[in-house]
Amino acid sequence: MGMTMTQKIIAAHVGVESVKAGELVEARLDLCMSNDITSPVSADIFEQAGFDKVFNKDKVAIILDHYTPCKDIDSARLSKKARQFARKQGLTHFYDTGNVGIEHALVPEKGLAAPGEIIIGADSHTCTYGALGAFSTGVGSTDLAASWASGYSWFKVPSAIKVVLTGKPGRWVTGKDVILHLIGEIGVDGALYKSIEFTGPGVSELEMDDRFTIANMAIEAGGKNGIFPVDVKTLEYISGRVERPYQVFEPDEDAEYERVVEINLSELKNTVSMPSLPSNTRTVDEVKGTHIDQVVIGSCTNGRMKDMRIAAEIFENRRVADGIRCNIVPATQAIYLQCIEEGIMEIFVKAGCAVNTPSCGPCMGGHMGVMCEGERTISTTNRNFVGRMGHVESEIILASPAVAAASAVAGFVAGPEDIE
Amino acid sequence: MVKGRVFKFGDDVNTDVIIPARYLNDPSLENMAKHCMEDIDPEFPKQDHTGDIMVGGWNFGCGSSREHAPVSIKACGVSCVIAASFARIFYRNAINIGFPILECPEAAEEIAAGDTVSVDFETGTIIDETTGQEFKAAAFPPFIQKIIKAGGLINYRKEEGKAKNEL
């Protein structure tokens, strides 16, 4: 029996010829990543256990992105603890306010993830790097602390769902529509414990930023990881970012998949997830006109350059509707700077959008756009759970940057065609 | 073996309702216990849950990787969680911190809120003493059992020595 792409990467990191779904293995890690919420907890666990040095100071990354710039005294204490730990360990990859970006945009941008690598992160959206053909997945703080010490982690070898992409996406259809549609099809636990392996001729029609968005939300279907084949676009992306050797893996022809889902990109419409589960999907046509109070464009899901450019295309020579607050968060400093250089920042500000410094803030109700009871946000983030962005009686609709920006202009849920 | 009163929740109980992100800026056990489940049941964290048993449906603990989620439930005094299924990061986190969880769809379906339930972790036997029903949870693989027996992943690592390349 052949292996899936994920299984092959795992086997290579265990040092064996092959692995089987369900097997428990201990695999070597290429990167351990964490943030200002999870690192301090891991640091306590690490130090209390009597561990002294991390296994490799080049393979541990700490990125202070969640409550930063620190929103209150407690969060400042968390960042301080993470900062002290990073300095004490002499970490090569430590990113603090001014240099930081949202972790899952920053790690690929800085070349810290490469095809064929295994990356764990104490953040559930670590699965993002599957877009580069890596096996990456989220873990908790204890897992991370143990891996800091050993450079290894245990995994149950996942079985897989194959998603075959065909066709070519329409004008305003992006990676977000693909992944929301998929989650709507298979449910929030449709890929529980499993890999989601994307394949098919449609892959080449997706830009890297679309693939990051899709892999990012594999966790919202319960997946262990989402992974894309490595192609010309992947190699182009990592060129100049990844200097070290890496290995490209492909699934075996006879790899076993528990389920095959086909998505014709040509037939996809702009899709949103209504409150309060990512699987509660509708096409924009079905919910057009729904009341909103706030719009958020950003996050590890949709704060990349393509997302900013699409939003700018919609905001150019238009204004955010009266009564709507629109909050844009470019995901990294490099993206922020490029927005300035391309004139995108000017478009946003002239349109009446607030533009914030890179931070996870609004997505998890941390800061920069928290809602009170009765309010509703259309957001390019990844979760619309009850209370995620504030009060338990506030609501979130998940959408692509095109739909979110069009909704900001319309003043209610709307698609890009609706405002043309 | 534990025995306790059941608090029951539904499907897809996510980490944002188990412990909302707005409280993660203070990860102390007191703060975690103070806000556990408050967005789903505001009364829950106000009560003493020493020895209680939490029962959930499918995909319990879905969402973020925050270990604060099982930590907060444990900090409330809850002795274990029984669910139809667990989201994978929650599953790992609970095992890693030495907090018992049991996967048993039948028990998750049949056990009612307020029932008295006893759980034998060695055998995976769950008995609803209120109704007399008996259930059997899936057994943990031997490696996971070793972690649980050691009291969590860190203790296991310390016992076994780090950087092992085999299980």
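Everything numeric in this text was worked out from a predicted model, so none of it was measured. (Residues numbered from 1 in each chain as written. Chains lettered and ligands numbered in written order. Predicted model: local features only at pLDDT ≥ 70, side-chain atom pairs only at ≥ 80, totals over all residues. Heavy atoms only, no water.)

Asks: Help me get a handle on the overall build of chain A, residues and values and all.
Replies: Scanning chain A for helices and strands turns up 14 helices and 18 strands. Rg of the C-alpha trace for chain A: 20 Å, near the compact-globule value of 22 Å for 420 residues, within the 12% margin. Along the first, second and third principal axes, the C-alpha set of chain A runs to 60 × 50 × 40 Å. For chain A, the residues scored as buried account for 66% of the 420 residues in total. Contacts in chain A between residues at least 24 apart in sequence constitute 76% of all its contacts with a sequence separation of at least 6. As presented, chain A carries roughly 14,100 Å² of accessible surface, and 46% of it is formed by carbon and sulfur atoms. Between the mean site of the 39 positive side-chain charges and the mean site of the 55 negative ones, chain A shows a separation of 4 Å. (Helix = DSSP H or I, 4+ residues; strand = E, 2+ residues; numbered from the N terminus. Rg over C-alpha atoms; globule rule 2.2 N^0.38 Å. Buried < 20%, exposed > 50% of the residue type's maximum accessible area, 1.4 Å probe, protein only. Contact = heavy atoms within 4.5 Å. Areas by Shrake-Rupley, 256 points an atom, 1.4 Å probe, with all protein chains shown as cover. Lys, Arg positive; Asp, Glu negative; His and termini not counted. Charge placed at Lys NZ, Arg CZ, Asp CG, Glu CD.)

Asks: Just give me the short version of the overall build of chain B, but keep the residues and values in it.
Replies: A tally of helices and strands in chain B yields seven helices and seven strands. Listing each helix as α and each strand as β along chain B from the N terminus yields β-α-α-β-α-β-α-β-α-β-β-β-α-α. Taking 15 Å as the expected radius of gyration for a compact globule of 167 residues, we find that chain B reaches 16 Å, a close match to that expectation. Each principal axis of the C-alpha distribution contributes one length, and for chain B these read about 45 × 40 × 25 Å.

Asks: Give me the interface of chain B and chain A: which residues, what numbers.
Replies: With 46 residues of chain B at the contact, the number on the chain A side is 51 residues. Of the roughly 4,000 Å² buried between chain B and chain A on both sides combined, carbon and sulfur atoms contribute 58%. Of all residues in chain B, Asn25(B), Arg88(B) and Arg92(B) give up the largest surface area on contact with chain A, accounting jointly for 19% of the area buried on that side. The interface formed by chain B and chain A contains three salt bridges. The residue Asp16(B) makes a salt bridge to Arg388(A) at a minimum N-O spacing of 2.9 Å. Linking chain B with chain A are 22 residue pairs in polar contact (both at pLDDT 80 or more), by the criterion used here. When residues of the side of chain B that touches chain A are traced back to their parent elements, those giving at least two are α1 (15-18), α4 (88-96), α6 (142-150) and α7 (153-160) of chain B. Of all the elements, α4(B) adds the most residues to the side of chain B that touches chain A, at six residues. (Buried area = accessible area lost by both parts, 1.4 Å probe. Salt bridge = Lys/Arg side-chain N within 4 Å of Asp/Glu carboxyl O. Polar contact = N/O pair within 3.5 Å; in protein donor to acceptor, adjacent residues only side chain to side chain.)

Asks: I'd like a rundown of the confidence of the model for chain B, residues and numbers included.
Replies: Looking at chain B as a whole, its pLDDT mean stands at 93, while 96% of the residues score no less than 70. Model confidence for the complex: the whole-complex pTM is 0.97, and ipTM, which rates the interface, is 0.93. (pLDDT = per-residue confidence, 0-100.)

Asks: I'd like to hear about the environment of Ala113(B), residue by residue, with values.
Replies: Along the chain, Ala113(B) falls in the loop between α5 (105-110) and β5 (116-120). Distance in space between the C-alpha atoms of Ala113(B) and Gly10(B) is 11 Å, their sequence separation being 103 residues.

Asks: Requested: an account of the pairing of strand β7 (residues 152-156) of chain A, with residues and values cited.
Replies: All names here are of chain A. In terms of residue burial, β7 counts as a mostly covered element, since four of its five residues are buried. Pairing of strand β1 (residues 24-28) with β7, which is carried by five bridges, proceeds in the antiparallel orientation. Within the sheet, the bridge partner assigned to Leu24 lies in β7 and is Lys156. (Pairing = 2+ DSSP bridges.)

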